[in-house]
Amino acid sequence: MNDFTFSALTLIFLVAVGTYSLRVSGILLSSRLSKNRNIELFLDYLPSTLLLALVFPSIVKEGVGGVLASLMIVFIMYKTKNVFLSMFLSIVFIALFRNYLS
């Protein structure tokens, strides 16, 4: 085994340990933090905030098509309550918008 392979394996191992320790520490701390009502309320809203932070830049990057697809998702979800259908139709809309309307 050469030095490059050993360095790569060491780096992969350290990243794996770091990732595992972050996840385990979050699980261990969550049992202590959820006793406080304000922290529990904050943790309830955190996933939707993170999802919005990840999705919003993509919507803005797509421009008008992204905004229309987002509104389409909301409308279809409201009417059908079907997540798969709303995502599928909005992906088809974005594909058509990119190829034919822009």
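What comes next is a walk through the structure.

**Let's talk about helix H3 (residues 64-80)**
Compared with the 24 Å implied by 1.5 Å per residue over 17 residues, the 24 Å span of H3 between its first and last C-alpha is a close match. Along H3, the positions that sit buried rather than exposed are Gly65, Gly66, Ala69 and Ile76. Down the axis of H3, the buried side of the element spans an arc of 95 degrees, and every buried residue falls inside it. Of the residues in H3, the exposed ones pointing more than 90 degrees away from the buried face are Val64, Leu71, Val74, Phe75, Tyr78 and Lys79. Close packing links the buried residues of H3 with helix H2 (37-62) and helix H4 (83-101). Just downstream of H3, Lys81 is the residue with a positive phi angle, here 60 degrees.

**Section: the pattern of salt bridges**
A full pass over the atoms with the stated rule returns one salt bridge. For Glu62, the salt bridge identified is with Arg98, shortest N-O distance 2.5 Å. You can see Glu62 sitting in helix H2 and its partner Arg98 sitting in helix H4, a full 36 residues away along the chain. Given a relative accessible area of 24%, Glu62 falls into the partly exposed group.

Basis of the calculations
- Residues numbered from 1 in each chain as written.
- Predicted model: local features only at pLDDT ≥ 70, side-chain atom pairs only at ≥ 80, totals over all residues.
- Heavy atoms only, no water.
- Helix = DSSP H or I, 4+ residues; strand = E, 2+ residues; numbered from the N terminus.
- Expected span 1.5 Å × (residues − 1).
- Buried < 20%, exposed > 50% of the residue type's maximum accessible area, 1.4 Å probe, protein only.
- Arc of directions from axis to C-beta.
- Contact = heavy atoms within 4.5 Å.
- Salt bridge = Lys/Arg side-chain N within 4 Å of Asp/Glu carboxyl O.

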